[in-house]
Amino acid sequence: MVRLLLAALLAGGGAMAVAQVPAGYWTIEDYLQRHPEQAALTEAFTRRVRGPALPLAEREGGSRPRVQVAVIYPGLQSSGYWRRNLVAFRKRARELGLELDLQVFFSGPDSGDVQLQADQLREVLLQDPDYLVYTLDTDLHRELIDRILARGDGPRLILQNITTPVRAWEGRQPLIYVGFDHAQGSRILAKHLRGILPGGDLVILYGTDGYVSRARGGAFLKALEGSGLRIREGYVTDFLAPVVRRATRDALARYPQLKAVIACATDMALTAAGMLQEAAPEREILVTGWGGGSEELAALEAGRLAATVMRMNDDAGVAMAEAVALDVAGKGDQVPTVYAGDMVLVTRQTPVQVLRGLEARAFRYSGRDTEAGSAPIPDAGKGIPQ
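Residues numbered from 1 in each chain as written. Predicted model: local features only at pLDDT ≥ 70, side-chain atom pairs only at ≥ 80, totals over all residues. Heavy atoms only, no water.

**Brief notes about the pattern of salt bridges**
Note the following rule: Salt-bridge detection follows one rule: a side-chain nitrogen of Lys or Arg within 4 Å of a carboxyl oxygen of Asp or Glu.
Applying the stated criterion across every chain, the model contains 21 salt bridges. A cluster of three or more residues bridged by salt bridges with shared partners is formed by Arg48, Arg92 and Glu322.

**Here's the deal with the sheet that holds strand E6 (residues 176–179)**
Basically, it comes down to this: Whether two strands pair depends on DSSP finding at least two bridges between them. Only DSSP runs of H or I with at least four residues qualify as helices, and only runs of E with at least two residues qualify as strands; both kinds are numbered from the N terminus onward. Here an axis means a line fitted to C-alpha atoms, over the contact stretch when the element is a helix, while the angle between two N-to-C directions is reported on a 0 to 180 degree scale. In what follows, residue pairs with any heavy atoms lying within 4.5 Å of each other are defined as contacts.
Spatially, six strands are ordered E3-E2-E4-E5-E6-E12 in an open sheet, and the strand pairing comes out parallel. Edge strands, defined here as strands with exactly one partner in the open sheet, are strand E3 (99–106) and strand E12 (338–340). The sheet shows a mean angle of 20 degrees between the axes of neighbouring strands, taken without regard to direction. Sheet analysis places strand E2 (residues 66–73) next to strand E4 (residues 131–135), joined by three bridges and oriented parallel. Paired with Ala70 across the strands is Leu132, a residue of E4. The strands that helix H12 (residues 314–328) touches are E2, E4, strand E5 (156–160), E6 and E12; relative to E5, the one it contacts most, it runs at about 165 degrees.

**Section: the nonpolar core**
Filter applied, for reference: Only buried residues count toward a nonpolar core. Its members are Ala, Val, Leu, Ile, Met, Phe, Trp, Tyr and Cys residues joined through side-chain atoms within 4.5 Å. Accessible area is worked out with a 1.4 Å probe on protein chains only. A residue is then buried under 20% of its type maximum, exposed over 50%, and partly exposed in between.
Counting 89 residues, the largest nonpolar core has Val69, Phe89, Ile176, Leu202, Phe220 and Val261 as its most contacted members. When residues of this core are assigned to their parent elements, the largest contribution, nine residues, is made by H12. Dropping the residues within four chain positions of it, Val69 is found in contact with Phe89, Leu100, Asp101, Leu102, Gln103, Tyr131 and Val133. Counting 26 residues, the second-largest nonpolar core is a separate cluster that includes Tyr25, Ile145, Ile162 and Val166.

**Observations concerning helix H11 (residues 294–301)**
Within H11, six of the eight residues are buried, leaving the element largely enclosed by the surrounding structure. Of the positions making up H11, those classed as buried are Ser294, Glu295, Glu296, Leu297, Ala299 and Leu300. Buried-residue contacts for H11 involve helix H4 (81–95), helix H10 (266–279), strand E11 (307–311), strand E13 (343–347) and helix H13 (352–362). One or two residues past the end of H11 sits Gly303, with phi positive at roughly 85 degrees.

**A short note on the packing of aromatic side chains**
Formally: Geometry of aromatic contacts follows a simple scheme: Phe, Tyr and Trp rings, the Trp one being its six-membered ring, pair when their centres are within 6.5 Å, and the pair is stacked under 30 degrees between planes, edge-to-face over 60, tilted otherwise. We count a charge as sitting over a ring when the NZ of a lysine or the CZ of an arginine lies within 6 Å of the ring centre and within 35 degrees of the ring normal.
This structure, assessed with the given rule, holds six aromatic pairs. Their ring planes at 70 degrees and their centres at 6.0 Å tell us that Phe45 and Tyr339 sit as a pair that is edge-to-face. Taken together, the positions of Phe45 in helix H3 (residues 37–50) and Tyr339 in strand E12 put the pair 294 residues apart, joining distant regions of the chain. Of the residues examined, Phe45 reaches a relative accessible area of 1% and is grouped as buried. Each ring, one from Tyr73 and one from Phe106, has its centre 6.5 Å from the other, and the planes form 25 degrees; the classification is stacked. In this pair, Tyr73 is assigned in strand E2 and Phe106 in strand E3, connecting sequence segments 33 residues apart. In terms of burial, Tyr73 and Phe106 fall into one category: buried. Among the aromatic residues, ring-to-ring pairing joins Tyr73, Tyr81, Trp82, Phe106 and Phe180 into one connected group. One residue, Arg84, lies across the ring of Phe363, its end atom 3.8 Å from the ring centre. The ring centre of Tyr25 lies 5.4 Å from the NZ or CZ of Arg142, which sits over that ring.

Now the structure itself:
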């Protein structure tokens, strides 16, 4: 069964009521306005991330600091974002002079694996790592993180794939929020579509009904206000390919003026593009992706995707390594609360040489040819190691 999210996003008074981030979170702009001292920290930290590694001074005897890091990611998906992130994190840490003892747990991105992630977290906390890298998408994620922060003596926390600080955690924020601004990415995509489509119907494919879907969807809806483009449906698919296909087929049948399918993640974009090619090859319906990983770029070059917002992927892993290195060196006060990496729009008209240059920058540690399913990750698995 296909569930709808559009009505929930519009609840409370129509399109003008849509927020660019879900309730309970600061936008980056609002957070910096509330904490002006963060602006200089963010600027200096961004220079660190973009530049070459500056190694820590070695300890007496030539030893390198050894740090225990637990990572819990929804990395079992087509997008290579999570695996590339870990490759960049590990390589940059080594350049900085850190020895990471990494324990990695992967799960699927769908809502059915949220409980698995909670079980993984409980096991990790028993081992008392120095740092925990986690994500925040569901209410359960937030509840578990809240407990860790309330303890005060748990691992230092890095929240990945979120760049909007939680309002309720004022005064006890994680070490850093790292990722790419979902609202900014939605605005980039919406601006592009407004420029190439004078009007028509659109639908959005969401993953889970969680933070990421609401952040990307809310900002996209708001960015389309005043245009001739109409969002007809927002389908919650739980990243399940059969549900994505049913949602795409439903949109085809119900909306003869359908101009574009907006997918909020790589898996859904690729599945929807294949479904449209099979079911309605005669209709010119655009499909947009999210993230700009290898799979999406290949689909762009083949003409199956029309556009995507491309993250400078490895910068998120570099930022994690830089934050840990500063903290280990006793300079945690130089780590900003939020790091949001750069994003650019790429389309099927983007010249190949431009794409190659962007790939070299985005995948500077993980490598252009890294596959989502084969990047070398230590101790990765769907479950808890015995």
